[in-house]
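Below are the chains, spelled out letter by letter.
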Amino acid sequence: MSLSAEAAELDTHDPLAGKRAEFDLDPQMSYLDGNSLGAPPRSVAVRLDEVVRKQWAGRLIRAWDEGWWQAPERVGDRIAPLIGAAAGQVVVGDSTSVNVFKALVAAARLNPGRPEILLDVTTFPADGYIAENAARLTGHEIRRVVPEEMPAVVSERTAVALINHVDYRSGLVHELPSLTESLHAAGALVVWDLCHSVGAVPMAVDAAQVDLAVGCTYKFLNGGPGAPAFLYVPTKWQESFDQPLSGWAGHVDPFGMAEAYVGGPGVIRARTGTPDILSMLALDAALDVWDDVTVEQVRAKGLALGDFFVRCLDELVPAAEVLSPRDYRRGNQLSVGWPDAKRVMAAMTKAGIIGDFRPPDVLRFGLAALYVRYVDVLRAAAFLSGWPG
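Each value, and the rule that gives it
Residues numbered from 1 in each chain as written. Predicted model: local features only at pLDDT ≥ 70, side-chain atom pairs only at ≥ 80, totals over all residues. Heavy atoms only, no water. Pairing = 2+ DSSP bridges. Helix = DSSP H or I, 4+ residues; strand = E, 2+ residues; numbered from the N terminus. 1 Å grid on protein atoms, 1.4 Å probe; cavity = no way out; pocket = protein on both sides within 12 Å on 5 of 7 lines; lining within 4 Å. Points joined across faces, edges and corners; volume = space filled by probe spheres on them. Nonpolar A, V, L, I, M, F, W, Y, C, P; charged D, E, K, R; others polar. Phe/Tyr/Trp six-rings, centres within 6.5 Å; stacked < 30°, edge-to-face > 60°. Buried < 20%, exposed > 50% of the residue type's maximum accessible area, 1.4 Å probe, protein only. Patch = residues over 30% accessible without salt bridge, like charges linked within 9 Å, V, L, I, M, F, W, Y side chains within 5 Å. Areas by Shrake-Rupley, 256 points an atom, 1.4 Å probe, with all protein chains shown as cover. Salt bridge = Lys/Arg side-chain N within 4 Å of Asp/Glu carboxyl O. Axes fitted to C-alpha atoms, helices over the stretch in contact; angles between N-to-C directions. Contact = heavy atoms within 4.5 Å.

Participant: Kindly report on the sheet that holds strand β10 (residues 333-337), identifying the contributing residues and their values.
Facilitator: Strands sit in the order β9-β10-β13-β12 across an open sheet of four strands; the sheet is antiparallel. Of all the strands in the sheet, the pair left with one neighbour each is β9 (321-322) and β12 (356-358). Where β12 lies against strand β13 (residues 362-366), three bridges are found, and the strand directions are antiparallel. Paired with D356 across the strands is R364, a residue of β13.

Right, dumping it as structure tokens:
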């Protein structure tokens, strides 16, 4: 069977094939950049029209008392099952960078007398920027370490480690349960960045006893550009969670206008400022696509798409350097080393095959299983086989 016939056969029998129709995507488009910006579910535009015309225009300021103010916790409870957390432990709001700052400083305060922060040396750069400033403000030292080496270097000096669950360049999945356990054994806390894994890779943050976690919602959760991020604060830390951005939205009585700050109950104290309602409710609508599908189903297809992509590359472009693990240590993305990657990706995009690149020479292809087809990854491999063509 040819690769083309096999792709058609796989798409025909794909149990998630019908999900693509729930997204506003051109049928001719091969969109392989959902690991940067997810495609828009059709329900989002409908919901936003309702929010603007009926809630904002119709109810005006009264809408704050009819669900808007509670949205950060309510939407957080919808994300919680996707990371293996019980309700009442996830709050949505602010950006990933802001939440990383809140989590790191709070973790350092939860674990005093330890002057060191371990930082994933392969981290997304923004996390590194935030960690450096958090350390400077709290008087901690930063030590950059490969995640797999952290169990060997963690010590009584380590207050907290910041680790990316999935490496954004290669797609390598770091072992969340075992790394968390090893760091805990030395008395350190762990903050996990879930941006490239939430909605793609199953996890169980409660079972792994993760201390704090952050994640964005505009990648595999399809919340839209600039969609608010989320912060996971497990029940065990909520009452002692002392965050550095104690804004009015996290106050026990936000409309009491008291001069002194007193944190609200539970995960509410992780909130900072006024929630971005339009983006928040767009995300709420986007999460509807998860009502009849599980992360495990998405993961199974993502791995199958990656396997097929690798076979296509091996057969059509044997010189291609597959940077992602060929086994199931990869997330739902495939990274390929390619000379002049920026120019190549620009040409692919012009041809209707949209991925992205990372300097200096990495082509990245997101395998968002809710809408990516097997024919899409074959198209990408076939394009590379004809380059330059």
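Participant: Explain the layout of surface pockets to me, using residue names and the numbers behind them.
Facilitator: To find leftover empty space, one rolls a probe the size of a water molecule over the atoms. Of the voids in this model, the largest pocket is the one considered here, and its volume is about 220 Å³. Counting only elements with at least two residues in the lining of the largest pocket, the list comes to α4 (96-110) and α5 (125-138). Looking at the lining of the largest pocket residue by residue, the class counts come to seven nonpolar, six polar and four charged. By volume, the second largest pocket amounts to about 180 Å³. Taken together, 18 residues make up the lining of the second largest pocket; nearest its centre are V92, G93, D94, G273 and P275. When residues of the lining of the second largest pocket are traced back to their parent elements, those giving at least two are β2 (90-92) and α4. Per-class residue counts for the lining of the second largest pocket are eight nonpolar, six polar and four charged.

Participant: Describe in detail the packing of aromatic side chains, supporting the description with residues and values.
Facilitator: This structure, assessed with the given rule, holds eleven aromatic pairs. Ring plane angle 80 degrees and centroid distance 5.0 Å describe the contact between F124 and Y168, whose orientation is recorded as edge-to-face. With F124 in the loop between β3 (116-120) and α5 and Y168 in the loop between β5 (158-164) and α7 (176-185), this residue pair connects regions lying 44 residues apart in the sequence. Look at F124 and you get partly exposed, because its relative accessible area is 30%. Y168 gets classed as buried once you look at its relative accessible area, which sits at 5%.

Participant: Describe a nonpolar patch on the surface, with residues and values.
Facilitator: Judged by side-chain polarity, V52, W56, L60, I61 and L278 come together as a nonpolar surface patch covering roughly 510 Å² of accessible area. Structurally, W56 can be placed in helix α2 (residues 42-59). With relative accessibility at 47%, the residue W56 sits in the partly exposed group.

Participant: Run through the sheet that holds β3, naming residues and quoting values.
Facilitator: The strand order across the open sheet formed by seven strands is β2-β8-β7-β6-β5-β3-β4, and the pairing between neighbours is mixed. Strands with a single pairing partner mark the edges of an open sheet, and in this sheet they are β2 and β4 (141-145). On average, adjacent strands in this sheet sit at an angle of 20 degrees to one another, irrespective of strand direction. Across five bridges, the pairing between β3 and β4 is parallel. Among the inter-strand pairings, E116 is bridged to a residue of β4, identified as E141. On top of the sheet, helix α3 (residues 71-79) reaches β2 and β8 (230-232); it is set at about 125 degrees to β2, its chief contact. The strands touched by α5 are β3, β4, β5 and β6 (189-193); relative to β4, the strand with the most contacts, the crossing angle is about 150 degrees.

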